[in-house]
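Report on the structure
As a plain string of letters, each chain reads:
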Amino acid sequence: MSDPLLSVRDLRLGFTAGRRAKTLLAVDGISFSVGSGETFALLGESGCGKSATAQGIMRLLPGAGRITGGSVRLAGEELLNLAEADMRRIRGARMAMIFQEPATSLNPVLTVGQQIGEVLSRHRGLAGPEAAAAMAGLLKQVGIADPERRLNEYPFQLSGGMKQRVMIAIALAGEPELLIADEPTTALDVTVQAQILDLLAGVQAARGMGLLLITHDLGVVARMANRIGVMYAGELVEVASREAFFTAPQHPYTRALFSALPEVSRRGHPLLTIPGQVPSLEAMPAGCRFADRCGQVMAVCREHSPPWREIAGGHAVRCHWQAADDGEANGSPGKRAELQSPDRHLLEVADLKVHFSIRRGILQRTVGYVKAVDGVSLALTPGRTLALVGESGCGKTTVGKAILQLIAPTGGSVRLGATELVGMKPRRLRAVRRHMQMVFQDPFASLNPRLRVGEIIAEGMAALRVGSTADHGPAVAALLAQVGLPAEAADRFPHEFSGGQRQRIAVARALAVQPELLICDEPTSALDVSVQAQILNLLKTLQEALGVAYLFITHNFAVVEYLAHDVAVMYLGRIVERGSAEEVLGNPRHPYTRALLSAVPVPRLEGRPEAIKLPGETPSPAKPPAGCHFHPRCIHASEACRRDYPAGTRVSETHTVVCHLYP
Amino acid sequence: MMGFQVVLLWSDLLIWLLVAVGIGVGVFIARNPPLLAAWRRVGASRVGMAAATVLLVFVVVGLLDSLHYRRQLDGKPGQKASYAVEVLSLLDAIAAPLRSRNEKTYSEPFATRLYAKETVDVPGRGQVREYPRLKFGGAHLGEREGEVAADVGFTAFRAAVIGVLAWLAVVAAAIGAVAWQGGVSHGEAGRRIWAGETRFAWNAVLATLAAVFLVVVPLLWLAGGYHVFGTDKVGQDVLYQVLKSVRTGLIIGLVTTLVTLPLAVLLGIVAGYFRGWVDDLIQYLYTVLNSIPGVLLIAAAVLMMQVVIDTHPQWFSTAAERADLRLLALCFILGITSWTGLCRLLRGETLKLRELEYIQAAQAFGVSSWRIIVRHILPNLMHIVIIALVMDFSGLVLAEAVLSYVGIGVDPTMVSFGTMINNARMELGREPAVWWSLAAAFAAMFILVLAANLFADAVRDAFDPRAA
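Everything quoted here is computed from the prediction, not taken from an experiment.

**So, the overall build of chain B**
A tally of helices and strands in chain B yields 17 helices and 5 strands. In chain B, which comprises 468 residues, the share counted as buried stands at 47%. In chain B, of all internal contacts separated by at least 6 residues, the share reaching a separation of at least 24 is 71%. Carbon together with sulfur atoms contributes 68% to the accessible area of chain B, which is approximately 23,400 Å² in total. Put simply, chain B has 38 plus and 34 minus side-chain charges, and the middle of one group is 4 Å from the middle of the other.

Pasting the structure below:
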């Protein structure tokens, strides 16, 4: 048998740290191969060494990185002992890489054409009209309309999805045999992600390239991969074909990843979580690295690192534990501890508007408005969860901040209980702040690094004069216990905690003033799947215990399905559909909701039956399209859509949709 | 027993106040774990600690020069004590031989004769033009003027041996401290220091101290018999001038920063946090200030100040007081004109910080703006402030030299690096050139500024949040 396209054997690489130049192994002896035309997915949580592996294969490790052993062969040619000059011949020409963040992987001062041309002249010796023709061909191949014009544009003139397409075109320019894609769609919205994944699959099929896909998203794996390798703490723990992986995952870690996913079928049940976190490089356990977090841990796990065990053809696992063939014990869709919703609304938002003025010229005259939020109406009853869903830039975070009066609304009304908040005097507003709080997206930016956890949690109590200062100590301890942290945490600083623990601290801080409304702005989007499950469980138990209402701002439908009672879908500053979770998710009416739902990659073998592909991307809120904002991307668009913004239609008692299709 | 009267100059007060504040900040840091951790990282940096050692030597010289007194004049018993007009410092007392043993005019380093020919009466030969013998430089040699090199070499060697002995004593103390702290044997402690395994960069400090001892001890020893850096136009020892300049440099560096810091920090944060018209106002202010050439603005202010000082001689009882006030005024003027850079930097950083989620969380709690500034913004700007502080220090020492050179610097009676350079510049034109004043001033300034810069680098690395 001839060599596979890419063959990695026992690759070890690490990073030197400290003065003694000790090398900490980030990748510890992993082996896999990628064939031509095959997609191999490396799956794992952050900090598992996925990206380091890719950088090691390309030999693009950062300065502190060292490859300490193993071999990487590209079509039989050993790469690790090539001279740097020879390596440059291979990079770009025979293997190319796409990075996670399209916004920063293109040089902002060079045109698209110059950046593609660089690869063409370096690896294919093309210049002049030949190169121009090749570039246009490449851009067409990655689905960019009007390629000749785009070649002369700069990256800032392109949208995020378009930039990623250009990145792919640059990667393809050298006609590589192997493409390494490092989280290529993580920074993109679901509808754009679907486009890019389709593009990658299409290009791969057309060229017969090998694709090494690095991701943390089981949905993307299900959509793309032929074979999957699961990485944990620098080691591969399971390698399987797509079928075997999704039908019979063997390693406890893989199984835990699946059961940590929030899904509609798990509503009402707590999610299974993986306790703890990935061990740090300095403190790798001696035996199996997953032992400390494993539900099936045995004595042998702590002493010996498990060997590879072949289950079936091509399916191997590194675990001492033999899975019993019980299939997944996943109960029927759960009964829900349905809270009786009282008729009283806790929060009523009517026609909320937030417009930011665009100022130009010397005199800073207002020349237009960015209508970030343009007439949003919501209602939330105590103890329930309303999910506000939408892609990035649709104004959902602005809605949350405008409700909290962190941004002054331009118009409309926000009523909390019986109090109107818009236009309230700051002094009186302070008293109201007790009743509503916010949990932010990024747990690393939402805690002041210079304050102790106890001080952070007590800040709200002090500012709003909840209880006397003497009560704060016990109150902080009680709050920490409530969010599942030890009382000693109060004396430590935020940097000593992991992302999930920090988010718990942020939740405790918000709960300190006993609010009735908690606005959660993507509280899990910066976290790994297993940690996300911990936070979701926490939010759910807190709601049951305290009766807090959540306004849950998110782009993640899985979370919505798991947590929300009601859903509102936002597009370009307006709500296009709202109703109960069952109605909106089970029977979506608006074309945008349908497309969004179908674009979400599902972590299952059988994908969505039909996938609605949305062309293009969300337009700028500074210049929304005339008529229905969604019409340029809608397949059902009619003359009426181009002319008038539709009025809301009631589908049922609770379900409203804003679309001309439902008169 | 001679009596004396303590004189407290304004700048002395400020300097000792600064020392007290420094000790207070040290105590505060020791109680604040993240700050302590950051300063431990500074302590672990070898370059940083070597630079700090050198800086410490300069600071000690500066502090010795900041304890002023007036000597009691001999009077009849029972009469009211009267004091000398001259204000001396502890450094002057220690370096009394250097201060008092003035020659007539220029002499080269280690010279035994003047640099200029004079007409002297030689018994038996009438009037002769020759290089007259120095009164003090190499006087102990008597007739054996040819043996200067041998004498210097031998004396330097003896002094170096003593220096090494003194250094060994310090090493022993360091080993003792490490052994006591780590609870290990003295041998092990010594090995750790040698191998650089201690948390504090002892090996760098000791190596620097070795160099300092090897240079300073022989230099001071030789200064007893020679003018090691030569003498200036009025025959004053250049080494003495260098020592006196240190205090001037330090005051300009430190006191000016004290003036700039509150302005820059307050205005920068207020502009960045409140935005709106406050921001516009502050931005206009510093843009206007920046658009005026700095030296001209300073020159105008200094000249006005000079007029005020000259028309009010009754304010000052001694010349030293006048020179001191002029120095402080100069610091004040420099400070008023140089806060804009740091202010702009802090405004930008505050603009970034105010959008961070923890600030918004505080706003959601209704925490007052000033409390947010003090609790959330200021501590997160401290690393920039510390870095800017140390960076500015070296810039200001250099600025003083430039201003004194232009003639708008410190009082002419006050010795500073700037006045030394200014006085020496005309003599570069003569043949053979008088180079030693300039060289000594430059060398001292170079070491001071380089040490400050290296120390600033170490501080910046330690406080860089990305590295933490």
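**Some points on the state of the cysteines**
Residue and element names in this part refer to chain A. One pass over the structure, following the stated rule, counts 0 disulfides over all chains. For the unlinked cysteine cysteine 48, the closest cysteine sulfur is that of cysteine 288, found at 12 Å. Using a relative accessible area of 0% as the deciding quantity, one classes cysteine 48 as buried.

**Topic: the packing of helix α1 (residues 10–31) of chain B against helix α12 (residues 319–337) of chain B**
Residues and elements named next belong to chain B. Orientation of α1 relative to α12, taken along the N-to-C sense of each, is 55°, at an axis distance of 8 Å. Classed by the angle they form, the pair α1 and α12 counts as oblique. Residues Trp10, Ser11 and Leu14 of α1 form the contact with α12, whose own contacting residues are Asp324, Leu325 and Leu328. Partitioned by chemical class, the residues of the contact of α1 with α12 number 4 nonpolar, 1 polar and 1 charged.

**Observations regarding the side chain of aspartate 411 of chain B**
All names here are of chain B. You can see aspartate 411 is positioned in the loop between α15 (369–406) and α16 (417–425). For aspartate 411, a relative accessible area of 4% puts it in the buried group. A distance of 2.4 Å separates the side chain of aspartate 411 from the side chain of threonine 413, its partner in a polar contact. Each residue touching aspartate 411, except ones within four places of it in the same chain, is listed here: Arg322, Ala323 and Arg326.

**Quick look at a nonpolar patch on the surface**
Residues and elements named next belong to chain B. Residues Phe157, Val161, Val164, Leu165, Leu168, Leu214, Val215, Val216 and Leu220 make up a contiguous nonpolar surface patch of about 790 Å² in total accessible area. Contributing elements (two or more residues each) for the nonpolar patch: α6 (148–182) and α8 (202–223). Residue contributions to the nonpolar patch peak at 5 residues, all from α6. Positionally, valine 216 belongs in helix α8.

**With respect to the sheet that holds strand β18 (residues 436–439) of chain A**
All names here are of chain A. Reading across the sheet, the 8 strands line up as β18-β19-β20-β15-β21-β22-β24-β23 and stay open at both edges, with mixed pairing between neighbours. Edge strands, defined here as strands with exactly one partner in the open sheet, are β18 and β23 (648–650). Between one strand and the next, the sheet's axes are offset by a mean angle of 20°, whatever the strand orientation. The sheet contact formed by strand β15 (residues 385–389) and strand β20 (residues 549–554) spans 5 bridges and is parallel. Residue pairing in the sheet places valine 389 in a bridge with threonine 554 of β20. Here helix α17 (residues 499–511) sits on the sheet in contact with β18 and β19 (517–521), set at roughly 170° to β18.

**Focus: the packing of aromatic side chains**
On inspection of all chains with the given rule, the structure shows 20 aromatic pairs over all chains. Between phenylalanine 245 of chain A and phenylalanine 246 of chain A, the ring centres sit 5.1 Å apart and the planes meet at 85°, which makes this aromatic pair edge-to-face. A relative accessible area of 0% places phenylalanine 245 of chain A in the buried class. Exposure remark for phenylalanine 246 of chain A: the relative accessible area of 13% places this residue in the buried category. Between the aromatic rings of tyrosine 273 of chain B and phenylalanine 274 of chain B, the centroid separation amounts to 5.2 Å while the plane-to-plane angle is 85°, which identifies the pairing as edge-to-face. Phenylalanine 274 of chain B sits in the partly exposed class, given a relative accessible area of 33%. Taken together, the aromatic side chains of Tyr106, Tyr115, Trp435 and Trp436 of chain B make up a single cluster linked through ring pairs. Positioned above the aromatic ring of tyrosine 562 of chain A, the side-chain terminus of lysine 540 of chain A is 4.5 Å from the ring centre.

**Here we look at the sheet that holds strand β16 (residues 411–416) of chain A**
Residues and elements named next belong to chain A. Across the sheet, which stays open at both edges, the 4 strands sit in the order β14-β13-β16-β17 with antiparallel pairing between neighbours. Both edges of this open sheet fall to β14 (365–380) and β17 (419–420), since each of them pairs with a single strand only. The pairing of strand β13 (residues 347–360) with β16 spans 5 bridges and is antiparallel. The residue bridging leucine 347 from the neighbouring strand is leucine 416, located in β16. Here helix α13 (residues 396–403) sits on the sheet in contact with β13, β14 and β16, set at roughly 110° to β13.

**Overview of the domain arrangement of chain B**
All names here are of chain B. If you check the domain split of chain B, you get domain 1 (4–100), domain 2 (138–223) and domain 3 (240–463). Here the C-alpha centre of domain 3 lies 20 Å away from the C-alpha centre of domain 1. Between domain 1 and domain 3, the contact holds 36 residues from the first and 29 residues from the second. Buried surface at the junction of domain 1 and domain 3, summed over both partners, amounts to about 2,700 Å²; 81% is from carbon and sulfur atoms. On the domain 1 side of the contact with domain 3, Leu18, Leu55 and Phe58 bury the most area, a combined 20% of that side's loss. Between the two partners, domain 1 and domain 3, sit 3 salt bridges. The partner of aspartate 65 in a salt bridge is lysine 244, with the nearest N and O atoms 3.0 Å apart. Listed by contribution, the elements that provide at least two residues to the side of domain 1 that touches domain 3 are α1, α2 (33–44), α3 (46–64), β2 (68–72), β3 (83–89), α4 (90–94) and α5 (96–100). The element best represented in the side of domain 1 that touches domain 3 is α3, accounting for 11 residues. Residue classes in the side of domain 1 that touches domain 3 are distributed as 23 nonpolar, 7 polar and 6 charged.

**Comments concerning the interface of chain B and chain A**
Every contact between the two is made by 24 residues of chain B and, on the other side, 28 residues of chain A. Interface of chain B and chain A: buried area, both sides summed, is about 2,300 Å²; carbon and sulfur atoms make up 52% of it. The largest per-residue losses of area from chain B upon contact with chain A belong to Glu357, Phe365 and Arg375 of chain B, which jointly make up 31% of the total buried on that side. The interface formed by chain B and chain A includes 1 salt bridge. The partner of arginine 375 of chain B in a salt bridge is glutamate 459 of chain A, and the shortest N-O contact between them spans 3.2 Å.

**Concerning the domain arrangement of chain A**
Residue and element names in this part refer to chain A. Per the domain assignment, the segments making up chain A are domain 1 (6–225), domain 2 (257–336) and domain 3 (347–658). Relative to domain 3, the C-alpha centre of domain 1 lies at a distance of 34 Å. At the interface, 19 residues of domain 1 touch 18 residues of domain 3. In total, about 1,500 Å² of surface goes out of reach between domain 1 and domain 3, with carbon and sulfur atoms giving 53% of it. When residues of domain 1 are sorted by the area they lose upon contact with domain 3, Asp189, Val190 and Thr191 head the list and together hold 35% of the total. Taken together, the connections running from domain 1 to domain 3 amount to 5 residue pairs in polar contact (both at pLDDT 80 or more).

**With respect to the environment of arginine 322 of chain B**
Residue and element names in this part refer to chain B. Positionally, arginine 322 belongs in helix α12. For the pair formed by arginine 322 and tryptophan 339, sequence separation is 17 residues and the distance between their alpha carbons is 26 Å. Residues contacting arginine 322, with those up to four places away along its chain left out, are Ile309, Phe316 and Asp411.

**Side note on unusual backbone geometry**
The residue aspartate 146 of chain A is not glycine, and still its phi comes out positive at about 55°. Overall, the relative accessible area of 38% leaves aspartate 146 of chain A in the partly exposed class. Its identity is not glycine, yet phenylalanine 110 of chain B carries a phi of approximately 60°, on the positive side. Mapped onto the fold, phenylalanine 110 of chain B is located in the loop between α5 and β4 (118–122).

**Topic: helix α9 (residues 238–274) of chain B**
Residue and element names in this part refer to chain B. A rise of 1.5 Å per residue sets the reference length of α9, with its 37 residues, at 54 Å; its end C-alpha atoms lie 53 Å apart and thus fit the reference within 8%. α9 sits mainly inside the fold: 31 of its 37 residues count as buried. Immediately downstream of α9, the backbone of arginine 275 shows phi near 55°, a positive value.

**Observations regarding helix α8 (residues 190–207) of chain A**
Between its terminal C-alpha atoms α8 of chain A stretches 26 Å, which fits the 26 Å expected from 18 residues at 1.5 Å a residue. Those residues of α8 of chain A that sit buried are Val190, Thr191, Val192, Gln193, Ala194, Gln195, Ile196, Leu197, Leu199, Leu200, Val203 and Gln204 of chain A.

The rules behind the values
Residues numbered from 1 in each chain as written. Chains lettered and ligands numbered in written order. Predicted model: local features only at pLDDT ≥ 70, side-chain atom pairs only at ≥ 80, totals over all residues. Heavy atoms only, no water. Helix = DSSP H or I, 4+ residues; strand = E, 2+ residues; numbered from the N terminus. Buried < 20%, exposed > 50% of the residue type's maximum accessible area, 1.4 Å probe, protein only. Contact = heavy atoms within 4.5 Å. Areas by Shrake-Rupley, 256 points an atom, 1.4 Å probe, with all protein chains shown as cover. Lys, Arg positive; Asp, Glu negative; His and termini not counted. Charge placed at Lys NZ, Arg CZ, Asp CG, Glu CD. Disulfide = S-S within 2.5 Å. Axes fitted to C-alpha atoms, helices over the stretch in contact; angles between N-to-C directions. Parallel < 35°, antiparallel > 145°, perpendicular 65-115°, else oblique. Nonpolar A, V, L, I, M, F, W, Y, C, P; charged D, E, K, R; others polar. Polar contact = N/O pair within 3.5 Å; in protein donor to acceptor, adjacent residues only side chain to side chain. Patch = residues over 30% accessible without salt bridge, like charges linked within 9 Å, V, L, I, M, F, W, Y side chains within 5 Å. Salt bridge = Lys/Arg side-chain N within 4 Å of Asp/Glu carboxyl O. Pairing = 2+ DSSP bridges. Phe/Tyr/Trp six-rings, centres within 6.5 Å; stacked < 30°, edge-to-face > 60°. Lys NZ or Arg CZ within 6 Å of the ring centre and 35° of its normal. Domains from an automatic or database assignment. Buried area = accessible area lost by both parts, 1.4 Å probe. Expected span 1.5 Å × (residues − 1).

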